[in-house]
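Chain by chain, the residues:
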Amino acid sequence: MVPALAETINAKDFLILIPGVPFSLGRLAFLTVGICGLIYNKSFYFKSRVLFGMVLIFVGSLIGAIFSDAFLESVSRSVGNITLLVGAIGVATLCSNKVFQKLIDAFFVLNLVHWTYYVFNLMILNGFNAVSYSKLFTTEDAINHHVIGINSSVSCIYIALRFFYKQQKLRLFGYLIIFIGILNCLLTETRSNLVIIVLVLLLTLLSGKVKFGRILFISIPVVIVMFIVLSNIASSNESIVQRFDVTDEDYQGRTSGMRLDFIAAAFVTILENPFGRGVFGAEIEADGIESTMVHNQYLTFILAGGVFALVGIFFWFWEFAKIFRYTTKFRLETQGFTFAVVFSMLTFLLTLFTIEFTGMIFFLFISLIMYLSESLFVNKMATLKNRFFVTHG
């Protein structure tokens with residue numbers, strides 16, 4: 001899994017292409033491990049609605065390819081996605097293994113460390129950079145801020161809950177880890193990921209043991225200190241101030257209003273193409289732009305796969321909603337793997353409303369949610385069996 005996880009952290013630096021092979025070394029490793037997982041764990045139930053939903057999404061894109069101007073390219077990409085989905089199923093079978101869970105722990109830690117160092121090295125270590133991150137990206141001196149945002153957000157939430165969430169309470173070091181994720185988003189000017197981290201943090205606090213004294217003397221003071229520090233850092237960079245200034249209606253309207261126009265144009269295109277237009281046809285025309293992505297992964301799936309993808313996304317959301325409710329209601333493994341994965345997954349799914357992102361981390365999360373789905377199914381079966389034996393003696 002090492003090549004796969006390295007590519008997941010940063011494909012730009014760790015992508016290794018193999019001549020004559022359609023998959024990179026990382027994706028080939030992911031697929032190989034998945035196949036080994038399928039052979040190793042034949043008792044896996046394969047009843048996950050997430051799996052059914054993902055099959056519909058990718059099969060839908062195959063059907064949509066018929067209506068695409070880039071038929072062969074769309075078919076090729078869809079077949080590649082389906083192949084990686086097979087790998088994701090196999091990886092899901094291994095997620096109950098404690099050693100494999102440690103590997104996932106290491107991935108999220110290294111992921112946050114890598115992107116934190118990248119941001120700090122670029123913006124802070126050589127003296128706080130007065131040049132905005134967006135300008136550094138425009139001059140190709142920096143990577144797209146959404147890559148940093150999604151990796152930092154899912155990793156800081158996972159680490160905080162995996163290691164610093166005890167007895168349904170977030171410890172001080174957990175706040176510190178989340179603060180690092182927020183700081184990465186602030187410095188790289190990714191508003192959506194910063195808001196999502198804060199939202200998931202609040203949901204985490206509300207799902208645990210809420211005591212007035214703890215809120216008054218720990219949670220509120222920590223949040224206030226985080227806000228003051230972040231405000232002082234932001235005030236040193238005019239671009240960051242403007243980016244996060246909600247009172248600047250003109251700037252916020254110009255930068256956010258375009259997204260709404262994209263979404264409206266996407267709905268029109270979807271209605272005109274109920275069976276989709278294939279992976280390479282999942283673009284729209286809006287605001288005078290001849291061809292652009294909609295900046296919403298779910299709408300992009302529907303643009304590619306039409307009604308089949310829409311149904312697949314419904315199953316995906318429905319299953320995760322059940323997993324989230326089951327986990328928070330019964331406080332499953334609040335000091336362990338499941339709780340951290342559920343809230344990190346929530347962070348990831350919310351982020352997909354704001355960007356397109358189907359790299360290796362997408363398939364890793366598909367593996368994790370399929371594992372959670374199967375675990376929920378197994379737990380339900382065990383509960384039904386216990387009730388049966390109790391009822392019938």
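Residues numbered from 1 in each chain as written. Predicted model: local features only at pLDDT ≥ 70, side-chain atom pairs only at ≥ 80, totals over all residues. Heavy atoms only, no water.

**Some remarks on the overall build of the protein chain**
Helix and strand content of the protein chain: 16 helices and four strands. Out of the 393 residues in the protein chain, the part that is buried amounts to 49%. Expressed as a percentage of contacts within the protein chain between residues at least 6 apart in sequence, the contacts between residues at least 24 apart total 75%. For the protein chain, the computed accessible surface area is about 18800 Å², with 67% contributed by carbon and sulfur atoms. (Helix = DSSP H or I, 4+ residues; strand = E, 2+ residues; numbered from the N terminus. Buried < 20%, exposed > 50% of the residue type's maximum accessible area, 1.4 Å probe, protein only. Contact = heavy atoms within 4.5 Å. Areas by Shrake-Rupley, 256 points an atom, 1.4 Å probe, with all protein chains shown as cover.)

**Side note on the packing of helix H6 (residues 98-123) against helix H8 (residues 145-164)**
One can describe the packing of H6 onto H8 by two numbers: an axis separation of 9 Å at closest approach and a directional angle of 130°. With respect to H8, the axis of H6 lies oblique. When you trace H6 past H8, the crossing you get is left-handed. Contact residues: Gln-101, Ile-104, Asp-105, Phe-108, Val-109, Asn-111, Leu-112, Trp-115, Tyr-118 and Val-119 in H6; Val-147, Ile-148, Asn-151, Ser-152, Val-154, Ser-155, Cys-156, Tyr-158, Ile-159, Arg-162 and Phe-163 in H8. (Axes fitted to C-alpha atoms, helices over the stretch in contact; angles between N-to-C directions. Parallel < 35°, antiparallel > 145°, perpendicular 65-115°, else oblique. Left-handed = near helix turned anticlockwise from the far one by under 90°.)

**A short note on the packing of aromatic side chains**
Here a ring pair, both rings aromatic, is described through the centre-centre distance and the interplanar angle of the planes. Inspection of the entire model under this criterion finds 28 aromatic pairs. Taking the centre distance of 6.4 Å and the plane angle of 40° together, the rings of Phe-275 and Phe-308 count as tilted. Taken as a pair, Phe-275 in the loop between helix H13 (249-272) and strand E3 (284-286) and Phe-308 in helix H14 (residues 297-330) lie far apart in primary sequence, 33 residues in all. Seen in terms of ring centroids, Trp-316 and Phe-362 are 6.0 Å apart; in terms of plane orientation they differ by 90°. Their pairing is edge-to-face. (Phe/Tyr/Trp six-rings, centres within 6.5 Å; stacked < 30°, edge-to-face > 60°.)

**As for the side chain of Asp-105**
By the element assignment, Asp-105 lies in helix H6. By relative accessible area, which is 5% here, Asp-105 ends up buried. Residues in contact with Asp-105, not counting those within four places in the same chain, are Tyr-158, Arg-162 and Phe-163.

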